[in-house]
Amino acid sequence: MLLTFVVVVAVVIVIVVVLSSSSKPTQQNTSSLMPNGSQGTGEQVGYTMNGQPIYQQSAPPGTNVFAVLALVLGIFTGLFGIIFGHIALSQIKRTGELGSGMALAGLIIGYVWLAFWVLTVVGLFVRFV
């Protein structure tokens, strides 16, 4: 039991270190006017044959990895779902990524698991003392 717990903690620490050290490209919003006067977003990548600028459309933000981990770990472990859920919500607020619903669900499920285990331990303590 203790060995399983230590292995799970080690795996989670490795995941956190790997994900936090991965370099994510920053999105730059270089808005400028397109040739027809409309607002263009994205980076200018070149020019057409007649000299008009060509813009690359910016990719929509992806889903936050910590939000996915919060949901999965919230279902299976509880405590790590809470930790990853708070990290995910903080990152989502800062970067504008998707996944706030998954992070919130991981938090809720994690707190339900935590309440279940606290009530179980208190119940066993009261029963055998």
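Structure first, text after, so check above.
Residues numbered from 1 in each chain as written. Predicted model: local features only at pLDDT ≥ 70, side-chain atom pairs only at ≥ 80, totals over all residues. Heavy atoms only, no water.

Draft legend 1. Quick look at the packing of aromatic side chains. For the structure on display, the rule yields four aromatic pairs. Ring geometry for Phe 66 versus Phe 84: centroids 5.5 Å apart, planes at 25°, classification stacked. Of the two residues, Phe 66 sits in helix H2 (residues 65-76) while Phe 84 sits in helix H3 (residues 79-95), which places them 18 residues apart along the sequence. An angle of 90° between the planes, with centres 6.1 Å apart, marks the rings of Trp 113 and Phe 116 as edge-to-face. With Trp 113 and Phe 116 both in helix H4 (residues 100-128), this residue pair falls three residues apart, about one helical turn. Given the relative accessible area of 47%, Phe 116 is considered partly exposed. Three or more aromatic residues joined by ring pairs form one cluster here, namely Trp 113, Phe 116 and Trp 117. (Phe/Tyr/Trp six-rings, centres within 6.5 Å; stacked < 30°, edge-to-face > 60°. Helix = DSSP H or I, 4+ residues; strand = E, 2+ residues; numbered from the N terminus. Buried < 20%, exposed > 50% of the residue type's maximum accessible area, 1.4 Å probe, protein only.)

Draft legend 2. Structural view of the side chain of Asn 64. Here Asn 64 shows up in the loop between strand E4 (53-56) and H2. One polar contact links Asn 64 to Gln 91, side chain to side chain, over a distance of 3.0 Å. Excluding its chain neighbours within four sequence positions, the residues that come into contact with Asn 64 are Ala 88, Gln 91, Ile 92, Glu 97 and Leu 98. (Polar contact = N/O pair within 3.5 Å; in protein donor to acceptor, adjacent residues only side chain to side chain. Contact = heavy atoms within 4.5 Å.)

Draft legend 3. Spotlight on the environment of Ala 103. As for its position among the elements, Ala 103 is in helix H4. For Ala 103, the residues in contact, after removing those within four places along its chain, are Ala 67, Ala 70, Gly 85, Ala 88 and Leu 89.

Draft legend 4. Examining the side chain of Glu 97 more closely. Examined against the element boundaries, Glu 97 turns out to sit in the loop between H3 and H4. Engagement of the side chain of Glu 97 in a polar contact is seen with the side chain of Asn 64, the distance being 2.7 Å. Of the polar contacts made by the side chain of Glu 97, one reaches the side chain of Thr 95; its length is 3.3 Å.

Draft legend 5. Representation of the packing of H2 against H3. Contact geometry of H2 with H3 gives a least axis separation of 8 Å together with a crossing angle of 160°. It follows that H2 is roughly antiparallel to H3 by the angle criterion. H2 and H3 meet at a crossing whose hand is left-handed. On H3, the residues touching Phe 66, Ala 67, Leu 69, Ala 70, Leu 73 and Gly 74 of H2 are Phe 80, Gly 81, Phe 84, Gly 85, Ile 87, Ala 88, Gln 91 and Ile 92. (Axes fitted to C-alpha atoms, helices over the stretch in contact; angles between N-to-C directions. Parallel < 35°, antiparallel > 145°, perpendicular 65-115°, else oblique. Left-handed = near helix turned anticlockwise from the far one by under 90°.)

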